[in-house]
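Architecture at a glance
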Amino acid sequence: MGLYAKTKEVEMVRKATISDIAKALGISTTTVHHALHDHSRVSAVTKARVLQTAKQLEYRPNLAARSLSSKRKLCISVNLLRGITTFFEQVAAGIEEEANSLGGQYVGVQLRGYPGIEEGAEEAFRAALGAKVDGIITWSGEPEKIRPLMRRASRDGIPVVCVGSDAPKSGRLALVSVDTLASGAIAADLMGLTLRGMGKVAITVAEVTTMEHAEKLKSFENTLHSFYPEVQILPPIEDRNIEALAYEKCCKLFSEHPDLGGVYISTDASIPAIRAARDHGLVNEMTIVATDLFPALINEIRAGAVNATIFQRPKSQGRLAFKILYEYLTEGKCPPSRLTLMPHLVTRGSLDFMCRRLLPRTSNQPDQLKNILCSAETVGRFRFRKPTQG
């Protein structure tokens, strides 16, 4: 009797598995796995049934339990572009902060940076797969190239969270980003208002195939067409987040269109575009809307060269991306497919207020305002463990 009771107790606390979900629904374990990882091959109805059954059975992935029992840390690879500005450093800083507050001794983070949109992203992803990490956080600049590797990760049971830009139909777990449609609409509305509904405008993007920039472009154009139909929109300038290319293409733009009324810089390359406008005598003659906040851009806003910037809250993006991936790995908590943050519009009048919000609470030094956003000293304090291989 005592042995029977003990056996029943063990059975009662046994955690549900993917096989249990498959058996309950009469489908294959592969289909269950794909549904849990939001794979494009599985219909929306099947996904909903799998998620509902997983919730009813209190299914939880057991990666954390295996890590604790084997004294092995969960390992998460963070694959980010080395950008012109501090955007990706701020994303990484947010990931680091969240990892320290949530994971502590139970999770390790490997940072894999790559030099350009067309250089290194695939290699970084392959290296992460080769290292047999438990999860991946990545920026997807060229979704067509990275999608096959993300599908492979999904098949191997490695959840992937995209941050900043999406890779649709890739089997990724979730996307965390600023609301890019809102960003484009805010820039367009500001442009239309300052130009009083007339004139000629341009927009710079990294590449039109990058989802983040494609959505900003679409929203920018749609908003101007809807509310300011008299404003002419020039074809988008693709700068691939390369400073020299951004300067060269903007110089050509300003030479060919000296009557340009405004430019929305939706990429990292704000400073090269501003420098080109200054070299052509247009910096105080047109409306300039930039993206994000970093020391050099703060100076341009203070000087009045830039009318406004759209802050994409990169540190918050990093924190949220790590949080949902960690909770999925340790608790089996399935996040929404897409989580978006509202961008902040920052003008010269609101700049100091925004900077004070981002200052450490223990600091009261005004001189730090222009250097708080991931200066070289801050970047140097990152404590990510760099992989010895890959």
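This report concerns the structure included in the present document. (Residues numbered from 1 in each chain as written. Predicted model: local features only at pLDDT ≥ 70, side-chain atom pairs only at ≥ 80, totals over all residues. Heavy atoms only, no water.)

Within this structure, the stated rule accounts for four aromatic pairs. Geometrically, the ring pair formed by Phe-322 and Tyr-326 is stacked, given 5.8 Å between the ring centres and 15 degrees between the ring planes. Within this pair, Phe-322 and its partner Tyr-326 are both found in helix α14 (residues 314-331), separated by four residues, close to a single helical turn. Tyr-326 carries the same exposure label as Phe-322, and that label is buried. (Phe/Tyr/Trp six-rings, centres within 6.5 Å; stacked < 30°, edge-to-face > 60°. Helix = DSSP H or I, 4+ residues; strand = E, 2+ residues; numbered from the N terminus. Buried < 20%, exposed > 50% of the residue type's maximum accessible area, 1.4 Å probe, protein only.)

With respect to the helices and strands, Glu-207 occurs in the loop between β6 (199-205) and α10 (211-227). Excluding anything up to four places from it in sequence, Glu-207 contacts Ile-117, Glu-118, Glu-142, His-213, Glu-238 and Arg-240. (Contact = heavy atoms within 4.5 Å.)

Grouped together as the largest cluster of nonpolar side chains are 59 residues, with contacts concentrated most on Leu-80, Phe-125, Ile-136, Ile-137, Val-161 and Phe-322. Sort the elements by how many residues they give to this core and α14 lands first, with seven residues. With residues near it in sequence (within four places) discarded, Val-161 still touches Ile-136, Ile-137, Thr-138, Leu-173, Ala-174, Val-176, Ala-321, Ile-324 and Leu-325. Ranked by size, the runner-up nonpolar core spans 31 residues in total, among them Cys-250, Leu-282, Phe-311 and Cys-355. (Core = buried A, V, L, I, M, F, W, Y, C linked by side-chain atoms within 4.5 Å.)

If you trace the six strands from one edge of the open sheet to the other, you get β2-β1-β3-β4-β5-β12, paired in parallel fashion. Lying at the two open borders of the sheet, with one neighbouring strand each, are β2 (107-114) and β12 (338-341). Neighbour to neighbour, the strand axes of the sheet diverge by 15 degrees on average, direction disregarded. Taken together, the eight bridges between strand β1 (residues 74-81) and β2 define a ladder with parallel strand orientation. Pairing of Cys-75 across the sheet is with Gly-108, part of β2. (Pairing = 2+ DSSP bridges. Axes fitted to C-alpha atoms, helices over the stretch in contact; angles between N-to-C directions.)

With that settled, the discussion passes to the state of the cysteines. In the structure shown here, the tally under the stated rule is zero disulfides. The cysteine Cys-250 is free of any disulfide, with Cys-251 supplying the nearest cysteine sulfur at 7.4 Å. Classification of Cys-250 by relative accessible area gives buried; the value is 2%. (Disulfide = S-S within 2.5 Å.)

The next thing to look at is the packing of helix α2 (residues 18-25) against helix α3 (residues 29-36). Close contact between α2 and α3 brings their axes to 8 Å; oriented N to C, the two are set at 110 degrees. Comparing their axes, α3 and α2 come out roughly perpendicular. Between α2, through Ile-18, Ser-19, Ile-21 and Ala-22, and α3, the contact on the second element is made entirely by Thr-29, Val-32, His-33 and Leu-36. By residue class, the composition of the contact of α2 with α3 is five nonpolar, three polar and no charged. (Parallel < 35°, antiparallel > 145°, perpendicular 65-115°, else oblique. Nonpolar A, V, L, I, M, F, W, Y, C, P; charged D, E, K, R; others polar.)

Before going further, it helps to examine the pattern of salt bridges. Enumeration over the complete set of coordinates arrives at 16 salt bridges. When the shortest N-O distance is used, the salt bridge between Arg-278 and Glu-300 registers 2.8 Å. Taken as a pair, Arg-278 in helix α12 (residues 270-279) and Glu-300 in helix α13 (residues 295-303) lie far apart in primary sequence, 22 residues in all. Note on Glu-300: relative accessible area 14%, which makes it buried. A cluster of three or more residues bridged by salt bridges with shared partners is formed by Glu-97, Glu-98, Lys-315 and Arg-319. (Salt bridge = Lys/Arg side-chain N within 4 Å of Asp/Glu carboxyl O.)

Once that is clear, we can look at unusual backbone geometry. Even without glycine at this site, Lys-169 takes up a positive phi of about 55 degrees. The exposed category is assigned to Lys-169, whose relative accessible area is 63%. A positive phi is found at Asn-241, a non-glycine position, where the angle reads about 60 degrees. If you trace the backbone, Asn-241 turns up in the loop between β8 (237-238) and α11 (243-256). Judged by its relative accessible area of 12%, Asn-241 falls in the buried class.

So, about the pairing of strand β3 (residues 135-138). Alternating positions in β3 separate into two faces, Gly-135 and Ile-137 on one and Ile-136 and Thr-138 on the other, with burial throughout. Bridge count for β1 against β3 is four bridges, and the pairing is parallel. Considered in β3, the bridge of Asn-79 is made with Thr-138. Here β3 runs beside strand β4 (residues 160-163); their pairing, made up of three bridges, is parallel. Bridging from a neighbouring strand, Thr-138 pairs with Cys-162 of β4. Between β3 and its parallel partner β4, the chain crosses via helix α8 (residues 143-155), and the hand of that crossover is right-handed. (Right-handed = clockwise from strand over helix to strand, strands pointing away.)

Looking down a regular strand, the side chains alternate between one sheet face and the other. Summarising burial for strand β10 (residues 287-291): five of the five residues are buried, a large majority. Residues of β10 alternate between two faces, with Thr-287, Val-289 and Thr-291 on one and Ile-288 and Ala-290 on the opposite face, all of them buried. Where the polypeptide runs from strand β9 (residues 262-265) across α12 and back to β10, its parallel neighbour, the crossover connection is right-handed. Bridge count between β10 and strand β11 (residues 308-311): three bridges; the pairing is parallel. Across the sheet, Thr-291 pairs through a bridge with Ile-310, a residue of β11. The β-α-β motif built from β10, the intervening α13 and the parallel element β11 has right-handed crossover chirality.

This part covers the environment of Ala-54. Summarising the element assignment, Ala-54 is placed in helix α4 (residues 44-56). Sequence separation of Ala-54 and Asp-20 is 34 residues, and the distance between their C-alpha atoms is 8.9 Å. Discounting chain neighbours no more than four positions away, the residues touching Ala-54 are Ile-21, Leu-36 and Tyr-59.

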